[in-house]
Amino acid sequence: MIEPRLQPPATKDHVSVAHLPAFWYIACESSALTDKPRAITILGTPLVLFRTKGGKPGALLDRCPHRNVPLSIGAVVGERIQCGYHGWEFDTQGTCQLVPGLCTEPEAKGRRAERYPIAEQDGFVWVFMTPNVDPDTEPFRFPNVGDKGYTTAYRSVEAQASVHATIENALDVPHTAYLHKGLFRGTGEPNEIDVVVSRWHDRVEAEYIGEPRPEGVVGKLLSPSGGMVTHFDRFFMPSIAQVEYRIGDENHILVTSVCTPVTDFHTVLHAVISFRTRIPGALVKPVLQPLAMKIFGQDAVVLKLQTEAIHRFGGEQYVSTELDILGPQIWRLMRQAERGEVVPVDEPVVKTLKMRV
Amino acid sequence: MIEPRLQPPATKDHVSVAHLPAFWYIACESSALTDKPRAITILGTPLVLFRTKGGKPGALLDRCPHRNVPLSIGAVVGERIQCGYHGWEFDTQGTCQLVPGLCTEPEAKGRRAERYPIAEQDGFVWVFMTPNVDPDTEPFRFPNVGDKGYTTAYRSVEAQASVHATIENALDVPHTAYLHKGLFRGTGEPNEIDVVVSRWHDRVEAEYIGEPRPEGVVGKLLSPSGGMVTHFDRFFMPSIAQVEYRIGDENHILVTSVCTPVTDFHTVLHAVISFRTRIPGALVKPVLQPLAMKIFGQDAVVLKLQTEAIHRFGGEQYVSTELDILGPQIWRLMRQAERGEVVPVDEPVVKTLKMRV
Amino acid sequence: MIEPRLQPPATKDHVSVAHLPAFWYIACESSALTDKPRAITILGTPLVLFRTKGGKPGALLDRCPHRNVPLSIGAVVGERIQCGYHGWEFDTQGTCQLVPGLCTEPEAKGRRAERYPIAEQDGFVWVFMTPNVDPDTEPFRFPNVGDKGYTTAYRSVEAQASVHATIENALDVPHTAYLHKGLFRGTGEPNEIDVVVSRWHDRVEAEYIGEPRPEGVVGKLLSPSGGMVTHFDRFFMPSIAQVEYRIGDENHILVTSVCTPVTDFHTVLHAVISFRTRIPGALVKPVLQPLAMKIFGQDAVVLKLQTEAIHRFGGEQYVSTELDILGPQIWRLMRQAERGEVVPVDEPVVKTLKMRV
């Protein structure tokens, strides 16, 4: 390939993409996992997921050890997955149990397919992205799902952006007044408020104190009469964003978004929205859903443009201010984990700052 | 370009692609070579093929030495090909015979176009892929073509796969029971048979002894009443696969597939099928053709998926068993030739094994 | 990525692409620059161009220093451009004047957007491709525009080719008899003529002496009755081609093409055609325009094929004759400028040669 000669000014080649294989990620909804094998890519690694006739879920590297065709074009046969090319069969542990035509034993170490730990929880199928191990952690638990008085909605969307950019965007307050003008913020006069940021070794939280009820459509919908606002934004390792709002006594909304890094700049975001409002949930849901999708659609456009710019310039070159409250902190945690430099703490590092919203 | 950070587990970067320029390859059928220049790529090298007004075939590198536009956009003028940009003219030897406007002699060493040896035989145009030489070998001869009692059919198909993968697939027995289930094998109970493999320095042969008549549609068509089966699979350097079947005394079928490596993972396969059957050839042909195309279509799908997997994982990582009778042997011959380590032998190396078909 | 193994014969990896940032290039027509920001790439560098509410033009690097999204998706607000993501505002000097929500001063060195010098002249917007400087040169002046008796036509076209290849083509005589056969040259018997080539440090000129009136449609249109021909082809650094024809006393045509290198192999050509003919300009224009577009269309096809060949073979490998009068000289000037080895001269280096047209 001929290297381009005409290029933009040199950029540090940094990109905020971390390789974090020792964590659980959502692969798909439980209901989507059947005996028809399914190709799913996580951390750039092609996997085949399948459910045996006995109902057991399995996740293997999506490549037959024999001639490397994807196992996902094969079929489930009893408790095994069968390759579509030569009929080799693998159990959910990745062990080769049949080589058709062979007069000797099929099982051999070299014929194993890489196995990835798999679990089902809260209606999702989770995969632990280190092969052939038994993880000592469990997938993330969603709060408030199924609690009395709460309605829960599920939504999966995709962003052509890194997990870090997607989560920074999901937990960023200042852009809402511009990118989502009128829908969320950006119509009233700004007020100066306090923000308290607490960082642990595996999570960060920002509490917004003194925030008025958002002026836009969303705020009015949730709490027509205004009221005292409590607002937290949280990040949990490796890829979970959570926004919590309480407006007055009656309205509580909690949006937890679990991100799956498909490739460096392709993220699937599984959002679980649990809420309790004065207006009945069944009435709120049909109004909230299209609004949420419109807001996410605007974010998806800007995230894609950001990714394109990173590629065009050969890397990121960001300048942050103190208003970039969580993004840099999240990157710090991701990098520490990638480098194996995590030191567990009980007490968070706390910082306060002022901003105008 | 930004290198991807999220990638599948490391793979040896081996691919079974050999660069073998000292051989003849089929470029096209003779009837397809006219005075309209034709762009054809072999071994990744763009060539222009043309037939002069006097009927002589020519093959040159498809790049005008002057300003590098493809000569294939030009025209044949008498015994020469003329570039479409500035009108430079080259004879079939690649010598520049005219530079329009020039007041001095046109011929000059630097103005030569690379010439590739070209030959016509058995209805095909063959090119020897080393430029500017006089090869001391001749193209491969197809057996039985034109013999009394034989019918011959021709078919060219394409695979998005390497020559090695395409030929291994063409000469592989075990996949037929899975990929082509019902069409070829895979319906009856398997029998244990003997296979005798003989390897020379430039070819390999597998003889299947004790094989029952294939149970699928193809077997029934060729020999409705069953009968004793003789079956050979053969490879000839650099890229020829041959399957020979005799069923009973009356049925003889010989499929010779000459592969042309277009690029690393794009192969054109020119198949010549000569057969003598109890049922008249004119009746067999219209039934056999669509069946053969269906079988090849299934192979083409799996070969393409195999190629995609090789690219996704950054190389091949194959595990073979003794059922992979010819593939590893073929690769061995190709590599020896690529490294210039071929030692001619009179007696083959012979190996026997058992398999269930 | 897997490197290809099957490749054409090795080529020097030279490409005639020079990086010349210390020059003015045309970005667009003045009328196309409004308060709606516009993304324009020059020398591979993405720029945002905009006109403030007060009418002042601005050119900045098209990347917000904050989170790197293109400023071109933003909006003009008064005398500033506002980013569409978080609302940061920049003046035409690239200084950050507002960070919404921030309680401290917005202006900071790290928050500057790169500024490119911008000028408006002769109906075009020009950008000087070195950021943050005050250039001591001015954009190129088009001759004869607005002169008494002259008609001027404007046309912008695109070529999938380098600036060098595009200009060499625009100033090349021999190809017109082949690529544009019948339209321009190539129908009559060739005559031997003299060419005088003069090279300064920043321009080259070829004078064609004794050239007959071109035989094709264009020549007949301009001067039905024939007449004495004066013909100059000129190149001006860094990317300007000029063709001047006088046929008889009454016909004078001057085509000046200013090339903008978008990327290595993508060039936009802004042509300004000024002419004075015996036939009234208003009659000539509607006939000349489609003819000129047909000729350029043929050139665009061959330039694209040339670019594709360069990529296919991994570089250029040109053989020139003395008929390649200007191309090699132009490349010499471009390379000298790229290397900073320009020595200003008053007297040109002069060379004469013979050719047949």
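Up top is the structure.
Residues numbered from 1 in each chain as written. Chains lettered and ligands numbered in written order. Predicted model: local features only at pLDDT ≥ 70, side-chain atom pairs only at ≥ 80, totals over all residues. Heavy atoms only, no water.

Chemist: Where do I start with the sheet that holds strand β3 (residues 45–51) of chain C in this structure?
Modeler: Pairing between sheet strands relies on hydrogen bonds along the backbone, with the strands arranged either parallel or antiparallel. Residues and elements named next belong to chain C. Taken in spatial order, the three strands of this open sheet run β2-β3-β4, and their pairing is antiparallel. The open sheet terminates on both sides in strands that have one partner only, identified here as β2 (38–42) and β4 (57–61). When strand polarity is set aside, the average angle formed by the axes of neighbouring strands in this sheet is 35°. When β3 meets β4, the two strands line up antiparallel, connected through five bridges. Bridge pairing in β4 links Phe-50 to Gly-58. (Pairing = 2+ DSSP bridges. Helix = DSSP H or I, 4+ residues; strand = E, 2+ residues; numbered from the N terminus. Axes fitted to C-alpha atoms, helices over the stretch in contact; angles between N-to-C directions.)

Chemist: I would appreciate a short explanation of the environment of Pro-135 of chain C in the present structure.
Modeler: All names here are of chain C. Within the secondary structure layout, Pro-135 lies in the loop between β10 (124–128) and β11 (151–159). Classification of Pro-135 as partly exposed rests on a relative accessible area of 25%. Distance in space between the C-alpha atoms of Pro-135 and Ser-16 is 26 Å, their sequence separation being 119 residues. Among all residues touching Pro-135, those that are not within four sequence positions of it are Trp-24, Pro-117 and Phe-128. (Buried < 20%, exposed > 50% of the residue type's maximum accessible area, 1.4 Å probe, protein only. Contact = heavy atoms within 4.5 Å.)

Chemist: Would you take a moment to explain the relation of the copies chain C and chain A for this structure?
Modeler: Both copies of the chain are related by a screw-like operation: a rotation about an axis and a shift along it. Taken as rigid bodies, chain C and chain A are interconverted by a rotation of 120° and an axial shift of 0.0 Å, the fit giving an RMSD of 0.0 Å. Such a combination of turn and shift is consistent with a three-fold rotation axis. Rotation axis and chain C: the residue whose C-alpha lies nearest the axis is Met-1 of chain C, separated from it by 6.7 Å. The fraction of interface residues of chain C whose copies in chain A are also interface residues is only 2%, indicating that the copies meet through different surfaces. (Least-squares fit on C-alpha atoms with pLDDT ≥ 70 in both.)

Chemist: Looking at this structure, I do not really get the pattern of salt bridges. What am I missing?
Modeler: Pairs may arise between side chains of opposite charge once their charged atoms sit close together. All names here are of chain B. Scanning the model with the defined rule gives 48 salt bridges over all chains in all. Two residues, Glu-89 and Arg-80, come together in a salt bridge whose shortest N-O distance is 2.9 Å. We classify Arg-80 as partly exposed; its relative accessible area is 27%. Between Arg-335 and Glu-338 there is a salt bridge, with its nearest N and O atoms 2.4 Å apart. Taken together, the positions of Arg-335 and Glu-338, both in helix α4 (residues 327–338) and three residues apart, correspond to about one turn of that helix. (Salt bridge = Lys/Arg side-chain N within 4 Å of Asp/Glu carboxyl O.)

Chemist: Honestly, the sheet that holds strand β1 (residues 24–29) of chain C in this entry has me stumped. Any pointers?
Modeler: All names here are of chain C. Strand order in the open sheet formed by three strands is β1-β10-β9, with antiparallel pairing between adjacent strands. Taken across any chain shown, the strands that pair with only one partner, and hence form the sheet edges, are β1 and β9 (118–121). The sheet shows a mean angle of 35° between the axes of neighbouring strands, direction not considered.

Chemist: How should I be thinking about helix α4 (residues 327–339) of chain C in this particular structure?
Modeler: Note that an α-helix has 3.6 residues per turn; residues three or four places apart therefore point the same way. All names here are of chain C. Here α4 contains 13 residues, and its C-alpha end-to-end distance of 18 Å stays within 8% of the 18 Å for a straight helix at 1.5 Å per residue. Where α4 is buried, its residues meet α1 (163–170), β12 (192–199), β13 (203–209), β14 (229–236) and β18 (349–356). Of the residues flanking the end of α4, it is Gly-340, one or two places downstream, whose phi is positive at about 70°. (Expected span 1.5 Å × (residues − 1).)

Chemist: So what exactly am I meant to see when it comes to the interface of chain B and chain C here?
Modeler: When the parts of a complex come together, some accessible area is lost, and that lost area is often used as the size of the interface. Across the boundary between the two partners, chain B contributes 41 residues, which contact 37 residues of chain C. Between chain B and chain C, the buried area comes to about 3,300 Å², and carbon and sulfur atoms account for 62% of it. Our enumeration of links across chain B and chain C arrives at two salt bridges. The set of elements that each furnish at least two residues to the side of chain B that touches chain C consists of β3 (45–51), β16 (251–263) and α3 (281–313) of chain B. Its residues assigned to classes, the side of chain B that touches chain C comprises 19 nonpolar, 15 polar and seven charged. (Buried area = accessible area lost by both parts, 1.4 Å probe. Nonpolar A, V, L, I, M, F, W, Y, C, P; charged D, E, K, R; others polar.)

Chemist: Mind showing me how you'd approach the interface of chain C and chain A here?
Modeler: Facing 41 residues of chain C, the contacting portion of chain A comprises 37 residues. Among the residues of chain C in contact with chain A, Arg-63, Arg-67 and Tyr-85 of chain C are the three that bury the most area, contributing 23% of the side total. For the pair chain C and chain A, the interface holds two salt bridges. Asp-324 of chain A is the partner of Arg-67 of chain C in a salt bridge, and the nearest nitrogen-oxygen pair spans 3.6 Å. Across the contact surface, chain C and chain A share 13 residue pairs in polar contact (both at pLDDT 80 or more). Those elements that provide at least two residues to the side of chain C that touches chain A are β3, β16 (251–263) and α3 (281–313) of chain C. Taken together, the residues that form the side of chain C that touches chain A break down as 19 nonpolar, 15 polar and seven charged. (Polar contact = N/O pair within 3.5 Å; in protein donor to acceptor, adjacent residues only side chain to side chain.)

Chemist: Whenever I open this one, the packing of helix α1 (residues 163–170) of chain B against α3 of chain B confuses me. Can you help?
Modeler: Helix-helix packing is described using two parameters, namely the angle between the two axes and the distance between the axes. All names here are of chain B. Where α1 meets α3, the axes come as close as 11 Å, and the angle between the chain directions of the two elements is 140°. For the element pair α1 / α3, the angle class is oblique. Both α1 and α3 take part in a crossing whose hand is right-handed. The segment α1 lies against α3, with Ala-165, Thr-166 and Asn-169 engaging Asp-299, Val-302, Leu-303 and Gln-306. For the contact of α1 with α3, the class distribution of residues is three nonpolar, three polar and one charged. (Parallel < 35°, antiparallel > 145°, perpendicular 65-115°, else oblique. Left-handed = near helix turned anticlockwise from the far one by under 90°.)

Chemist: For this particular structure, what's the right way to read α1 of chain B?
Modeler: By the criterion of burial, α1 of chain B is predominantly enclosed, with seven of the eight residues buried. All of the buried residues along α1 of chain B are Val-163, His-164, Ala-165, Thr-166, Ile-167, Glu-168 and Asn-169 of chain B.

Chemist: Help me understand the packing of aromatic side chains in this model?
Modeler: Counted by the stated rule, this structure contains 18 aromatic pairs over all chains. Ring centres 6.4 Å apart and planes at 45° place the aromatic pair Trp-126 of chain C and Phe-142 of chain C in the tilted group. In this pair, Trp-126 of chain C is assigned in strand β10 and Phe-142 of chain C in the loop between β10 and β11, connecting sequence segments 16 residues apart. With relative accessibility at 9%, the residue Phe-142 of chain C sits in the buried group. Here the aromatic cluster, defined as three or more aromatic residues joined through ring pairs, consists of Phe-124, Trp-126, Phe-140, Phe-142, Tyr-154 and Phe-236 of chain A. Its guanidinium or amino end placed over the ring of Phe-313 of chain B, Arg-63 of chain A lies 4.3 Å from that ring's centre, counting from NZ or CZ. For the cation-ring pair, Arg-203 of chain B lies above Trp-200 of chain B, with the distance from its terminal atom to the ring centre recorded as 3.9 Å. (Phe/Tyr/Trp six-rings, centres within 6.5 Å; stacked < 30°, edge-to-face > 60°. Lys NZ or Arg CZ within 6 Å of the ring centre and 35° of its normal.)

Honestly, that's just the spatial picture; any functional story needs more than this.
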